[in-house]
Amino acid sequence: MRRPLVAGNWKMHGTRASVAELIEGVRQQVLPADVDVAVFPSSLHIAQVVEGLNGKAVKVGAQDCAAQVEQGALTGELAVSQLVDGGCELVLVGHSERRLILGESDEVVVRKFAAVQAAGLTPVLCVGETREQREANKTLGVVGGQLAAVIGALGVDVLKNAVVAYEPVWAIGTGLTATPEQAQEVHAAIRAQVAQLDAGVASGLRILYGGSVKAVSAAELFGMQDIDGGLVGGASLNADEFGAICRAAGN
């Protein structure tokens, strides 16, 4: 039985004051004991969130990392060893906003994935298609290719200590959400792709759905066979909404 995971990606939001309010809101939430919960603040606020959530069963992750393992002369980047030192346990890798807006290639995503695991952290590999790709019936090919880039370079065993998050680009921040059936189709295809190489790895792989997840839709999404939780964007900035989504995963 795969343990659900609900992760809140705060993206480029927050001041020290608003983050303090959000931390307090999260601390007040009754979270299900059978669900893993994580938040991904901006790098500027990681230390504040780690300290503020101390004692609460919420993991803290980073939204990105450098593609090189070692600390060094790379202005503006964060090495995975620095994230470990800062109290992070997970790192988002390959989010569509970084792929599409900042031009990160599959090669860069693979290097970041490897760096995260080399530091003992858990990578959350983001995959997903644009509206144009979905309308052209290329969804499974695009998502499968993004996953295959990592498996081909590093081997299927790396997914034993990883999470995959399917986020249709057309549903991120738009208010649109894939139907549970649309999401399940892609999640099942991801699991089947991994199962062709290793059925055991596939059965244990947690695959999250992301893309305008809200409390009102969470229970139906999480009820699908191959959806193991959510990577939540805007709704995670509201502690009550995020708590409700976490509880939906526990049901």
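Residues numbered from 1 in each chain as written. Predicted model: local features only at pLDDT ≥ 70, side-chain atom pairs only at ≥ 80, totals over all residues. Heavy atoms only, no water.

Going by the annotation in an unreviewed UniProt entry, the name recorded for the protein chain is Triosephosphate isomerase, with Ectopseudomonas chengduensis given as the source organism. The Sequence similarities (unreviewed entry) field of the UniProt record for the protein chain holds the comment "Belongs to the triosephosphate isomerase family." (UniProt positions renumbered as here; feature names shortened; annotations may be inferred.)

**Q** Help me out: how do you make sense of the pattern of salt bridges in this one?
**A** Side chains that differ in charge, positive against negative, can pair when their charged atoms come close. Considering all chains together, one arrives at 14 salt bridges under this definition. Note that aspartate 106 is salt-bridged to arginine 99, the shortest N-O span being 2.9 Å. When its relative accessible area of 34% is taken as the criterion, aspartate 106 is described as partly exposed. Under the relative-accessibility criterion, arginine 99 is labelled buried at 11%. The shortest N-O distance in the salt bridge between aspartate 157 and lysine 160 comes to 3.8 Å. Of the residues examined, aspartate 157 reaches a relative accessible area of 45% and is grouped as partly exposed. The exposure class assigned to lysine 160 is exposed, which follows from its relative accessible area of 60%. Salt bridges sharing common partners tie together Arg2, Arg191, Asp226 and Asp228. (Salt bridge = Lys/Arg side-chain N within 4 Å of Asp/Glu carboxyl O. Buried < 20%, exposed > 50% of the residue type's maximum accessible area, 1.4 Å probe, protein only.)

**Q** Where do I start with the packing of aromatic side chains in this structure?
**A** By convention here, two paired aromatic rings are described through the distance between centres and the angle between planes. By the definition in use, this model includes one aromatic pair. Geometrically, the ring pair formed by tyrosine 166 and tyrosine 209 is tilted, given 6.1 Å between the ring centres and 55° between the ring planes. Of the two residues, tyrosine 166 is situated in strand S6 (residues 163–166) and tyrosine 209 in strand S7 (residues 206–210); the sequence distance between them amounts to 43 residues. The exposure class of tyrosine 166 is buried, given its relative accessible area of 0%. (Phe/Tyr/Trp six-rings, centres within 6.5 Å; stacked < 30°, edge-to-face > 60°. Helix = DSSP H or I, 4+ residues; strand = E, 2+ residues; numbered from the N terminus.)

**Q** Please clarify how the UniProt feature "binding site: substrate" (unreviewed entry) in the protein chain should be interpreted in this entry.
**A** Within this numbering scheme, the UniProt entry marks Asn9, Trp10, Lys11, Gly173, Ser212, Gly233 and Gly234 as carrying the feature "binding site: substrate" (unreviewed entry). A compact arrangement is adopted by the annotated residues: their sequence extent is 226 residues, whereas the largest C-alpha distance between any two is 13.4 Å. Tracing the chain through its elements places tryptophan 10 in the loop between strand S1 (5–9) and helix H1 (16–27). In contact with tryptophan 10, not counting residues within four places along its chain, are Val19, Leu22, Val39, Phe40, Pro41, Val49, Gln63, Ser236 and Leu237. For serine 212, the location among the structural elements is in the loop between S7 and helix H10 (215–222). A polar contact is formed between the side chain of serine 212 and the backbone oxygen of alanine 171, at a distance of 2.7 Å. (Contact = heavy atoms within 4.5 Å. Polar contact = N/O pair within 3.5 Å; in protein donor to acceptor, adjacent residues only side chain to side chain.)

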